[in-house]
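Close look at the chain arrangement
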There are 2 protein chains.
Amino acid sequence: MTAADDVVDALVRTTFEVARVLTRIGGEHDLSLTQLRVLGILRDRRARVTDLAAYLGLDKSTMSTLIVRAQRRGLLTRGKNPDDGRVVEVYMTPAGLELAKRMEDEVRRALAPRTGPLDQEQLDQLAKLLELVLARP
Amino acid sequence: MTAADDVVDALVRTTFEVARVLTRIGGEHDLSLTQLRVLGILRDRRARVTDLAAYLGLDKSTMSTLIVRAQRRGLLTRGKNPDDGRVVEVYMTPAGLELAKRMEDEVRRALAPRTGPLDQEQLDQLAKLLELVLARP
DNA sequence: TAGAGATAGTTTGTATTTCCAACCATTTTT
DNA sequence: AAAAATGGTTGGAAATACAAACTATCTCTA
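All of the points below concern the structure found in this document. Computed from a prediction, not measured in an experiment: that's the story for all the values here.

Around DNA strand D there are 24 residues in total, and Ser32(A), Ser61(A), Gly85(A), Thr50(B) and Ser61(B) lie nearest to it. For the surface near DNA strand D, the secondary-structure elements that each account for two or more residues are helix H2 (33–42), helix H4 (60–72) and strand E3 (84–92) of chain A together with helix H3 (49–56) and helix H4 (60–72) of chain B. Looking at the surface near DNA strand D, the element that brings in the most residues is H4(B), giving five residues. When its residues are assigned to classes, the surface near DNA strand D shows six nonpolar, ten polar and eight charged.

Following this line, the structure appears as C-alpha cells:
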C-alpha cells in the first residue's frame, strides 16, 4: 500500500461521506444529487444544455428532461440564444438562486463538524492540497 | 470566505470529480454508484440488509431489490441467519470479490494522474488530513 | 447558392433507481 | 398467548438515465 494508494482510499471514502451529506440536503428540498449540481453550476453563470450535459457526463436527453422538471418547479428558465437559433441557454430564476444559496449554507453547516477539528494551518494545507488534486491532470 | 469554507468548497468539488470517475468505472461494468459502494462495503465483511440500507442512507426496500439484482448477476449471495430467522445476511461470491478487486485497481489507475503531481510528503499530509476530516465528529 | 452534412435540443421508449405503503414471517414484550 | 416490534420482500409510482428517432437551425461545399 503506497502513500498514493492511501490517498486514493481516503479520497473515495471522503467522496461517499460528502455525497451522503449532499444527497440528504438535496433530498430535504426534493432535489437529486444531479439537480443539486446543476443549481451549483448555474449559480454564477448561464449555460447551454449540451455544455451542462457534457460537464455532468450525462446524455443531452437526460439533461433536457431534468431541465424541464426544474423549470416546472420554477428553479430555472430556458431562453433561446439570439445568435444561434438552435441553442437553448439555461439560467436560474430568483427562486432557484435563493434555494441554491440556502442549500450552500446548509452544506457548510453540515460539514462544519468535519472541518472543525482542523486548525487554521491544517485547513489552509488541506485546501491547497485538494486544489492540487483537482487541477486538470 | 473563511478557510473552512474554502475546504468545504474543495471537498465538494473533489467529491464530484471522484464520483465521476467511480460512476464511469462502475458503468463500464454495468454497476451503478450505489452497487459499486455495496461491493466496496462487502469486500471485507458480511452484512444484514437493513444495516447496509442504513449505512448507505437508502430505504430497506431499495436495498432489497438492489441485492436481488446483484445476486442474479452472481455477485453476491443471501443467507439466513440461524440465530434469528428474520435476518438475511448478504455476502460476496468469489465472482463479486474478483470484480471488486478489479474495479479497485481501475480506480487507483484512474486517479493516479490526480495524485501524481504530489510528492511523498504532500501525499502523507493529504492522507492524514482527510483521515481527520473522516473521523466521526 | 442550393443541397448535404453537422449541430442543438426535444421526444419517445425502455431499464434502473428510489421511495412509500402494505404485507409476511419471525422475534420480543407484556 | 396476544400484542408489538423487527427484518425483509413486494407492488405501485415518480425520477433518472440512455439510445434512437426526430425537428430545427446553422455551416460547409460543390
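And the narrative resumes.
What follows deals with the packing of H2(A) against helix H5 (residues 94–115) of chain A. Residue and element names in this part refer to chain A. As a packed pair, H2 and H5 sit with axes 10 Å apart at the nearest point and diverge in direction by 105°. Taken together, the axes of H2 and H5 lie roughly perpendicular to each other. Where H2 abuts H5, its residues Leu36, Leu39 and Gly40 lie against Gly96, Leu99, Ala100 and Met103. Taken together, the residues of the contact of H2 with H5 sort by class into five nonpolar, two polar and no charged.

Opposite the 44 residues of chain A that make contact, chain B presents 42 residues. Counting residues per element, the ones that place at least two in the side of chain A that touches chain B are helix H1 (3–28), H5 and helix H6 (120–134) of chain A. For the side of chain A that touches chain B, the leading source of residues is H1(A), giving 19 residues. Of the residues contributing to the side of chain A that touches chain B, the split by class is 25 nonpolar, eight polar and eleven charged.

Now for the relation of the copies chain A and chain B. Superposing chain A onto chain B takes a rotation of 179° plus a shift of 0.0 Å along the axis, which leaves an RMSD of 0.2 Å. Such a combination of rotation and displacement between the chain copies is what one expects of a two-fold axis. Among all residues of chain A, the one whose C-alpha sits closest to the rotation axis is Thr15(A), at a distance of 2.3 Å. Most of the interface of chain A is mirrored in chain B: 95% of its interface residues are interface residues there too.

What follows concerns the packing of H6(A) against helix H1 (residues 3–28) of chain B. Think of two packed helices as two axes; the pair is described by the angle between the axes and how far apart they sit. Orientation of H6(A) relative to H1(B), taken along the N-to-C sense of each, is 30°, at an axis distance of 9 Å. Taken together, the axes of H6(A) and H1(B) lie roughly parallel to each other. Taken as a pair, H6(A) and H1(B) cross one another with a handedness that is left-handed. Residues Gln120(A), Leu123(A), Asp124(A), Leu126(A), Ala127(A), Leu130(A), Glu131(A), Val133(A) and Leu134(A) of H6(A) form the contact with H1(B), whose participating residues are Ala3(B), Ala4(B), Asp6(B), Val7(B), Ala10(B), Leu11(B), Arg13(B), Thr14(B) and Glu17(B). Its residues assigned to classes, the contact of H6(A) with H1(B) shows eleven nonpolar, two polar and five charged.

We now examine the sheet that holds strand E1 (residues 47–48) of chain B. All names here are of chain B. Taken in spatial order, the three strands make up an open sheet running E1-E3-E2, and their pairing is antiparallel. The outermost strands of the open sheet, each flanked by one partner alone, are E1 and strand E2 (76–80). Pairing of E1 with strand E3 (residues 88–92) involves two bridges; the strand directions are antiparallel. Pairing of Ala47 across the sheet is with Val90, part of E3. Contacts from helix H2 (residues 33–42) reach E1, E2 and E3 within the one sheet, and its direction differs from that of E3 by about 90°.

With that settled, the discussion passes to the sheet that holds strand E1 (residues 47–48) of chain A. Residue and element names in this part refer to chain A. Here three strands make up an open sheet; going across it, the order is E1-E3-E2 and the pairing antiparallel. What marks the edges here is a single partner per strand, and that holds for E1 and strand E2 (76–81). By the bridge criterion, two bridges tie E1 to E3 in an arrangement that is antiparallel. Along E3, the bridge assignment pairs Ala47 with Val90. Against the sheet, H2 engages E1, E2 and E3, with an angle of about 100° to E3.

Procedures and definitions
- Residues numbered from 1 in each chain as written.
- Chains lettered and ligands numbered in written order.
- Predicted model: local features only at pLDDT ≥ 70, side-chain atom pairs only at ≥ 80, totals over all residues.
- Near = placed C-beta within 6 Å.
- Helix = DSSP H or I, 4+ residues; strand = E, 2+ residues; numbered from the N terminus.
- Nonpolar A, V, L, I, M, F, W, Y, C, P; charged D, E, K, R; others polar.
- Axes fitted to C-alpha atoms, helices over the stretch in contact; angles between N-to-C directions.
- Parallel < 35°, antiparallel > 145°, perpendicular 65-115°, else oblique.
- Contact = placed C-beta atoms within 7 Å.
- Least-squares fit on C-alpha atoms with pLDDT ≥ 70 in both.
- Left-handed = near helix turned anticlockwise from the far one by under 90°.
- Pairing = 2+ DSSP bridges.

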